[in-house]
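Read off the chains here:
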Amino acid sequence: MEFASDFVYVPPLPSPKDSQRPNGNIIKRSALLPPINWVRPQSPPPPPPVNAAEVKVAELLPSPNRITEQKKTTAPPKTALLPPHLRSPSTSPPPSGIFYDNAGSSSWEAENTHSTPEANATTSLPPPLPPRPSFMRYIPEYVLVLPASTASEKEIQPPPLVTPPPASADDKGPLLGNPNVVLVSLGKFLSEEVQHTPGKPASCCQCGAVLDSRSDTPAEVNGCYFCQASELSSAFRSQQGIAATGLPHGLFVLIPDSKLQSASQPLLIFCIDISASMSITSQVLPGEHRSRLEFVQEAVLLCVQKLCEEQPQTPVGLISFNYQVEVHGYGDFRSRILSGEELVDHNYLKVAAAAFPTPPPLSQTQDFLQKQVTALAAVGTTALGPAALLAVTMASRHPGSKVIICTDGKANTMLGNLEVEDNDARTLLSSTIFYQDLGEFAANQGVTVSVLSIEGTDCRLDELGRLADRTGGKVLTASPNMLHSQFEQIIENCTIATHCTVTLLLPKSLRVKGEKEAGHKAARKVGNVHLDTEITFQFVANEEDASAPPSGGRVSIQLQLRYIRRDGQSMLRVFTVDRNVTNDSMAVLSSLSLPIIHLNSSQASAALAVRGRFLDARRESELQMKLIERAIKHNRSSEDRETYQEWVNTMEPLYNNIHNFTRARSVISDSQSLTDAGAVLLYTMKHSNRKTIMIKNKQDLEPTYNIHFSPNWQKSKY
């Protein structure tokens, strides 16, 4: 269990002024208010201008303070030239020109003033200057004051050290996205060799949390840290210790006394479309054309040859379908053909599939299989639904089996018809339910179904892909000459466990985001687990809980993995970890793992878009994009920028080109469905992992695959 951040992020609480309002946590800000990041100036604005007449009157009126100061000071008489009407009677007429006093200095220079002298002997001082406004600087901006330097200072001083700028208000503000993401690498956890924990797990009867089995607690405890109210969780934890918060780690055998089944060989079934459209040809070389069926035959024969060399014990079956469905035999067992009314009866098809024996190992049937593949001919319609039901039912007897459906068109027979979307809504709805139920049945039996279509065709993969989506299979589209590599890619992805359910337990002050059960507990049915299976969860602070986890505190999170091994043994693996809580966005950004955020955003957005919620998918990705961009700006990592660019390329269709991956609105419905290219894109994103996101661009540049069969694709490590 990996976390995207070293901390559990809880947004800071609102201010007391906001919290006193009704619905203080959810405040709709008026558009008339200034922006949130607007800063109030520290000094008041300058006073408004006054009337010019009032200013002149104030200048002419003598100030009492000024008259008092003049009486106290004995200033020398003014010697400046006065107009005739202002001359004092005691003074003689001044000579022409500039008049100098006894000191020999000009009165102009000595006084350096422009005030007008008065006529009487006691002249008043000029009015004082108005007070300097606070916003006006003493030294103008265009004046540069140089420090005084001596002649001895000839050495050039080194420049001062450049310190990084202080964190801005944006860095310290609340995070827009959600950094609380948990990554669960199921393929890694379920394939590890771990020592079993003896005894039975002690659990809470209220929430199902697994407690510390090493203590003397009973098998079931009424209440624990996870199901207590948030204000009681800390006290309950301190009183009960580890037994209250959960078992740190353990691997339990749920039914130790049960008889284990012998791990049977997983079955591989090729379900091949041989309808008339498979006879369409394409040019390979100048003057040479090959049909779609010939490309499929070549790809299957290459896979059979390679599989026989590396895994000769693997049983391989072949089912072909057009207007009828043929289950090809081997050796003494003859092939069986179903047609007409037999292809409409759901129960009859299941009984017929159950009566068909399991093929022997490929080492015994290779020659028969190669002859049957070579003899296939394209004719008729496409009974894909009945063929898929037969293949899944045959494979259900062997958990871990695979079914590969290869087609180039829509199913157009009665059962599972996908060619009536614009004419008959009832038939289309029944077909949707049919593929959903078939996918659920396959997942419950441990069967993985993958769908491979030929490029340039319309197969309604948005509906047919439900089989692969529920069972953990792949939905792929390939050009005819690339079918072989796609077949190998599907075969390589081996199943290591079935019936897997992942449960995430949080304290009640937190809740899981994006799950149907939006509480402190979420259980997700994964079904079949492969070596590269990775899933993610999001969790946030519970808005309905009055007391959020305090910053600086700690919370416990428990992960439970329930699954069935290939030998039929039910297992339970438990992880419980403690995480620090913080509301410091900078600490969260510094420890953020962008690959985990990228993977979660891709999976969550694709899961929404597959259900037709395109706007919600875009909002989800946009929120996480803001978080990622802020983390890159804060950390300034070139590696994060490269990873981010790859993720942007992956998410680009959801932002700009989603209209290129949707069909025109149906005549009988306002909903929009996905094209085959859109279904392949979104189903692949929904089941992506960190590795597939990193190498996506490389696959676009290099369309060839270097894939080899794993020597243990049938075996799993326990």
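What comes next is a walk through the structure.

Criteria and thresholds
- Residues numbered from 1 in each chain as written.
- Predicted model: local features only at pLDDT ≥ 70, side-chain atom pairs only at ≥ 80, totals over all residues.
- Heavy atoms only, no water.
- Helix = DSSP H or I, 4+ residues; strand = E, 2+ residues; numbered from the N terminus.
- Buried < 20%, exposed > 50% of the residue type's maximum accessible area, 1.4 Å probe, protein only.
- Contact = heavy atoms within 4.5 Å.
- Areas by Shrake-Rupley, 256 points an atom, 1.4 Å probe, with all protein chains shown as cover.
- Phe/Tyr/Trp six-rings, centres within 6.5 Å; stacked < 30°, edge-to-face > 60°.
- Lys NZ or Arg CZ within 6 Å of the ring centre and 35° of its normal.
- 1 Å grid on protein atoms, 1.4 Å probe; cavity = no way out; pocket = protein on both sides within 12 Å on 5 of 7 lines; lining within 4 Å.
- Points joined across faces, edges and corners; volume = space filled by probe spheres on them.
- Nonpolar A, V, L, I, M, F, W, Y, C, P; charged D, E, K, R; others polar.
- Salt bridge = Lys/Arg side-chain N within 4 Å of Asp/Glu carboxyl O.
- Polar contact = N/O pair within 3.5 Å; in protein donor to acceptor, adjacent residues only side chain to side chain.
- Pairing = 2+ DSSP bridges.
- Axes fitted to C-alpha atoms, helices over the stretch in contact; angles between N-to-C directions.
- Parallel < 35°, antiparallel > 145°, perpendicular 65-115°, else oblique.
- Left-handed = near helix turned anticlockwise from the far one by under 90°.
- Expected span 1.5 Å × (residues − 1).
- Bend = angle between axes of the 7 residues up to and from the residue.
- Disulfide = S-S within 2.5 Å.

1. Some details on the overall build of the chain
And step 1. The secondary structure content of the chain amounts to 22 helices and 22 strands.
And step 2. Here the chain holds 718 residues, and the buried ones make up 44% of them.
And step 3. Considering only contacts in the chain between residues 6 or more positions apart, those separated by 24 or more positions represent 75%.
And step 4. In the form shown here, the chain has an accessible surface area of approximately 39,700 Å², with 55% of it arising from carbon and sulfur atoms.

2. Some remarks on unusual backbone geometry
And step 1. Look at Arg460: it is not a glycine, yet its phi comes out positive at around 55 degrees.
And step 2. Within the element layout of this structure, Arg460 appears in the loop between β15 (448-454) and α14 (461-471).
And step 3. Of note in this structure, His499 is not a glycine but carries a positive phi near 55 degrees.
And step 4. Inspection of the secondary structure puts His499 in strand β17 (residues 495-505).

3. Some details on the packing of aromatic side chains
And step 1. Counted under the stated rule, the structure contains seven aromatic pairs.
And step 2. Relative to Phe356, the ring of Phe333 lies with its centre 4.5 Å away and its plane at 85 degrees, an arrangement referred to as edge-to-face. Separated by 23 residues along the polypeptide, Phe333 in the loop between β12 (325-327) and β13 (336-338) and Phe356 in the loop between α10 (346-355) and α11 (362-374) bring together distant segments of the chain.
And step 3. Its relative accessible area of 5% is what places Phe356 among the buried residues.
And step 4. Across the ring face of Phe295, the terminal group of Arg290 is positioned such that the distance to the ring centre comes to 4.7 Å.

4. Overview of empty space enclosed by the protein
And step 1. What the rule picks out here adds up to five cavities of 30 Å³ or more.
And step 2. In this structure, the largest cavity spans a volume of roughly 110 Å³.
And step 3. Taken together, 16 residues line the largest cavity, and the ones lying closest to its centre are Val316, Gly317, Leu318, His328 and Tyr330.
And step 4. Counting only elements with at least two residues in the lining of the largest cavity, the list comes to β11 (316-321) and α11.
And step 5. Among the residues making up the lining of the largest cavity, the classes are represented as 11 nonpolar, five polar and no charged.

5. Thoughts on the pattern of salt bridges
And step 1. The tally for this structure, following the rule as stated, stands at 15 salt bridges.
And step 2. With a shortest N-O distance of 3.4 Å, Asp458 and Lys410 are connected by a salt bridge. Here the residue Asp458 occupies a position in the loop between β15 and α14, and Lys410 occupies one in the loop between β14 (402-407) and α13 (425-444), the gap between them amounting to 48 residues.
And step 3. For Asp616, the salt bridge is made with Arg619, and the minimal N-O distance between the two is 2.7 Å.

6. Comments concerning the side chain of Ser320
And step 1. Mapped onto the secondary structure, Ser320 falls in strand β11.
And step 2. In this structure Ser320 comes out as buried when scored by relative accessible area, which is 1%.
And step 3. A polar contact is formed between the side chain of Ser320 and the side chain of His328, at a distance of 2.8 Å.
And step 4. Beyond its immediate stretch of four places on either side in the chain, Ser320 contacts Ile272, Ile274, Val325, Glu326, His328 and Leu376.

7. Considering the sheet that holds β14
And step 1. In spatial order, the strands read β13-β12-β11-β8-β14-β15-β16; together these seven strands make up an open sheet with mixed pairing. Looking at which strands have only one partner, the edges of the open sheet turn out to be β13 and β16 (475-478). Ignoring which end each strand starts from, the neighbouring axes of this sheet average 20 degrees apart.
And step 2. When β14 meets β15, the two strands line up parallel, connected through six bridges. Across the sheet, Val403 pairs through a bridge with Val449, a residue of β15.
And step 3. Docked against the sheet, helix α9 (residues 292-310) engages β8 (268-273), β11, β14 and β15, running at close to 170 degrees with respect to β8.

8. Some words on the packing of helix α19 (residues 638-655) against helix α20 (residues 676-686)
And step 1. Direction vectors running N to C along α19 and α20 enclose 130 degrees, while the axes themselves pass 11 Å from each other. The orientation of α19 relative to α20 falls into the category oblique. The element α19 and its partner α20 pack so that their crossing is left-handed. Taking contact as the criterion, the partners of Thr650, Met651, Pro653 and Leu654 in α19 are, on α20, Leu681, Leu682 and Met685.
And step 2. Across the contact of α19 with α20, the residue classes tally to six nonpolar, one polar and no charged.

9. Description of α11
And step 1. The terminal C-alpha atoms of α11, which comprises 13 residues, lie 17 Å apart, in line with the 18 Å expected from a rise of 1.5 Å per residue.
And step 2. A bend of about 35 degrees at Phe368 is the largest found in α11.
And step 3. Within α11, burial applies to Leu362, Thr365, Gln366, Leu369, Gln372 and Val373.
And step 4. Those residues of α11 that are buried are in contact with α9 and β11.

10. Quick word on the sheet that holds strand β20 (residues 534-541)
And step 1. Spatial ordering of the open sheet is given by β1-β3-β20-β18, a layout of four strands whose pairing is antiparallel. Only two strands of the sheet have a single neighbouring strand rather than two, namely β1 (2-3) and β18 (510-513).
And step 2. Contacts between helix α17 (residues 594-610) and the sheet are confined to β1, β3 (181-185) and β20, with β20 contributing the most and set at about 95 degrees to the helix.

11. What to know about the environment of Leu674
And step 1. Inspection of the secondary structure puts Leu674 in the loop between α19 and α20.
And step 2. Each C-alpha atom of the pair Leu674 and Phe661 lies 5.8 Å from the other, and the pair is 13 residues apart in sequence.
And step 3. Not counting residues up to four positions away in its chain, the partners in contact with Leu674 are Asp462, Ala609, Val610, Phe614, Phe661, Thr662, Arg663, Ala679 and Leu682.

12. Digging into the pairing of strand β9 (residues 281-285)
And step 1. Of the strand pairs in this sheet, β9 and strand β10 (residues 288-291) are connected by four bridges, and their pairing is antiparallel. Opposite Thr281, over in β10, you have Ser291 as the bridge partner.
And step 2. Remark: two residues form the turn of the hairpin made by β9 and β10, two consecutive strands paired antiparallel; Gly287 in that turn has positive phi of roughly 85 degrees.

13. Focus: the state of the cysteines
And step 1. Overall, the coordinates contain zero disulfides when judged by the stated rule.
And step 2. With no disulfide partner, Cys207 has as its closest neighbouring cysteine sulfur the one in Cys224, 3.4 Å distant.
And step 3. A residue is classified by how much of its surface remains accessible, and Cys207, at 5% relative accessible area, is buried.
And step 4. Cys227 takes part in no disulfide bond, and the closest cysteine sulfur, belonging to Cys204, lies 3.6 Å away.
And step 5. Classification of Cys227 as buried rests on a relative accessible area of 9%.

14. Topic: the environment of Ala354
And step 1. Mapped onto the fold, Ala354 is located in helix α10.
And step 2. Along the sequence, Ala354 and Arg397 sit 43 residues apart, while their C-alpha atoms lie 8.5 Å from each other.
And step 3. Discounting chain neighbours no more than four positions away, the residues touching Ala354 are Thr393 and Arg397.

Interpretation note: all reported values are geometric properties and have no functional meaning in isolation.
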